[in-house]
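Residue-level listing of the chains:
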Amino acid sequence: MKVRLNEDTEVVRMVKEGLEARGGYCPCVREISEDTKCMCKEFREQIADPDFEGYCHCMLYYKEK
Ligand code: SF4
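The structure contained in this document is the topic of the report that follows.

1. Overview of unusual backbone geometry
Next, step 1: Geometrically, the link from C38 to M39 is a cis peptide bond, its omega value of -5° lying close to zero.
Next, step 2: Turning to its location among the elements, M39 is positioned in the loop between helix 1 (9-21) and helix 2 (41-48).
Next, step 3: Positive phi, normally seen in glycine, also occurs at M59, with a value near 70°.
Next, step 4: The residue M59 is located in the loop between strand 2 (54-55) and strand 3 (61-64) in this model.
Next, step 5: Classification of M59 as partly exposed rests on a relative accessible area of 38%.

Written out as structure tokens, the structure is:
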């Protein structure tokens, strides 16, 4: 299992800007809570799921199996 940044540096730049503007909370959802602080609960659960491979919701990270 490996988690890496999206290979598209422009996506990474945009999502990081969004995260900065939101104080570290996910720029892709409205809710501000511990669950939406990057790395958000959704992606933490995807990392823990041995069957999941793919991007986080914002596409900042990619999890390889
Ligand atoms: S892990 Fe991805 S989807 Fe989750 S908050 Fe961070 S950038 Fe957004």
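2. Focus on the site of the ligand
Next, step 1: Taken together, the neighbourhood of the ligand is formed by V15, C26, C38, M39, C40, F43, C56, H57, C58, L60 and Y61.
Next, step 2: Grouping the constituent residues of the shell around the ligand by class yields 10 nonpolar, one polar and no charged.

Cut-offs used in this document
- Residues numbered from 1 in each chain as written.
- Predicted model: local features only at pLDDT ≥ 70, side-chain atom pairs only at ≥ 80, totals over all residues.
- Heavy atoms only, no water.
- Helix = DSSP H or I, 4+ residues; strand = E, 2+ residues; numbered from the N terminus.
- Buried < 20%, exposed > 50% of the residue type's maximum accessible area, 1.4 Å probe, protein only.
- Near = heavy atom within 4 Å.
- Nonpolar A, V, L, I, M, F, W, Y, C, P; charged D, E, K, R; others polar.

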